[in-house]
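Structural overview
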2 protein chains.
Amino acid sequence: MAKLRAHNLAVSLDGYMAGPDQGVDTPLGVGGTRLHEWAFATRSGRRMHGMEGGAQGIDDSFIAQGDEGIGATIIGRNMFGPVRGPWDASEEWNGWWGDEPPYHHPVFVLTHHPRPPLPMQGGTTFYFVTEGIEAALDQAFAAAAGADVRVGGGASTVQQYLRAGLLDELHVAIVPILLGQGERLFDNLDGGLHGYECVGFSPSASVAHMRVVRVAAG
Amino acid sequence: MAKLRAHNLAVSLDGYMAGPDQGVDTPLGVGGTRLHEWAFATRSGRRMHGMEGGAQGIDDSFIAQGDEGIGATIIGRNMFGPVRGPWDASEEWNGWWGDEPPYHHPVFVLTHHPRPPLPMQGGTTFYFVTEGIEAALDQAFAAAAGADVRVGGGASTVQQYLRAGLLDELHVAIVPILLGQGERLFDNLDGGLHGYECVGFSPSASVAHMRVVRVAAG
């Protein structure tokens, strides 16, 4: 059965998936880009952004696994762009990801504001879903046509799927930096995370990879 | 100059230094003992509790470092025992740690309730400090006579010294388990941790060791 997965969720030693003051100039919050340096050092991470070179090894393998068998992705609106409220009528701004986003498959954006589908270069089409996380999941599984669906982030979107017990597995990379404040991954979980267990620990020289799976029905 | 250090702070993947519902039967909260299995598997960790055997290697080395050069320890009242309010007049209950606590030096217990010093076997004497964290620190440095002082825990005590910028360095071991809820290490920090940086990442096969130092004056 197709699964809902989250991969390469980079979290600081003090628990943050983004630094404070997320905005147009700092989409990952202050200091947040430091969470992803290990990924940009890998071959798969670099290729994803059109760059050559990069290291192979444990980190590269985890980055690559994040794409394997994935047919559609769900992201929160913040991961599409920093704009708030209704979409601009001109709709000229098409997200953080440039003309050719690194997804190459349908991407479902959780939002409160409807907008027509937005086809981009390279096979990515952004679909804007206003009916909530379960509707987005149904649409994503349909689009994936038997392949798995990925929750791309951010923290709030992952939390919504965790709270609902809908996420089958997640891979967290603990990064040895302190952000001090920001947006936590394991937060807003209605009194705690239940029904999940950490089943894998694979540290590299840069980060500590943890694999978490759902062990109880959602 | 003598330092204030914290060592072997075991924290779950989701950030908890103790599980929920800490009490007489579960001093580390529900599931909290799982945070320390890696330590009890080491030679130094076992020796500390009068047991033979145990593994050497990275984890053992970190456990041993936690004792090196330490002349006195400060702990919160919860780490002495679960009793709340004024001490019982009979004072027959002498803490979690048994007749011969694994400190072998003066231990300063933060409390709101005065109690005479309590000498135990093996060189540990518990002193009960009611004048706050700075007074405890002064007394501990005096007792350590030039050696370093350790903050033993728990989370709330570490946080108080972090907030005051008095902790010079800390060693955190991220343990690949989920506790779901409980008491976080990096919490109650008045809007965030400031002036500290993670300067070391040494994963073992069991946990991810992180070394954090103060980089700005407290």
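This report concerns the structure included in the present document. All values reported here derive from a predicted model rather than from experimental measurement.

Let us now look at the interface of chain A and chain B. With 28 residues of chain A at the interface, the matching set in chain B holds 28 residues. Both sides together, the interface formed by chain A and chain B hides about 2200 Å², and carbon and sulfur atoms give 71% of it. Considering only the surface of chain A that becomes buried against chain B, A:Leu13, A:Leu178 and A:Phe201 emerge as the three largest contributors, covering 27% of it. Seen at the junction of chain A and chain B, the total is zero salt bridges. Counting across the chain A and chain B interface gives four residue pairs in polar contact (both at pLDDT 80 or more). Contributions of two or more residues to the side of chain A that touches chain B are made by strand E8 (169-175), strand E10 (196-203) and strand E11 (208-214) of chain A. In terms of residues, the side of chain A that touches chain B owes the most to one element, E10(A), which gives five residues. Classifying every residue of the side of chain A that touches chain B gives 17 nonpolar, seven polar and four charged.

This part takes up the sheet that holds strand E7 (residues 148-153) of chain B. Residue and element names in this part refer to chain B. With mixed pairing, nine strands are arranged side by side in an open sheet as E5-E6-E4-E3-E7-E1-E8-E11-E10. Sheet topology places strand E5 (118-119) and strand E10 (196-203) at the edges, where each strand pairs with a single neighbour. Inspection of the sheet shows strand E1 (residues 4-12) paired to E7 by two bridges, in the parallel sense. Paired with Leu4 across the strands is Val149, a residue of E7. Those strands touched by helix H3 (residues 58-65) are E1, strand E8 (169-175), E10 and strand E11 (208-214), and its axis lies near 140° from that of E1. The strands that helix H6 (residues 155-163) touches are E1, strand E3 (70-76), strand E4 (106-110), E7, E8 and E10; relative to E7, the one it contacts most, it runs at about 130°.

What counts and what doesn't
Residues numbered from 1 in each chain as written. Chains lettered and ligands numbered in written order. Predicted model: local features only at pLDDT ≥ 70, side-chain atom pairs only at ≥ 80, totals over all residues. Heavy atoms only, no water. Contact = heavy atoms within 4.5 Å. Buried area = accessible area lost by both parts, 1.4 Å probe. Salt bridge = Lys/Arg side-chain N within 4 Å of Asp/Glu carboxyl O. Polar contact = N/O pair within 3.5 Å; in protein donor to acceptor, adjacent residues only side chain to side chain. Helix = DSSP H or I, 4+ residues; strand = E, 2+ residues; numbered from the N terminus. Nonpolar A, V, L, I, M, F, W, Y, C, P; charged D, E, K, R; others polar. Pairing = 2+ DSSP bridges. Axes fitted to C-alpha atoms, helices over the stretch in contact; angles between N-to-C directions.

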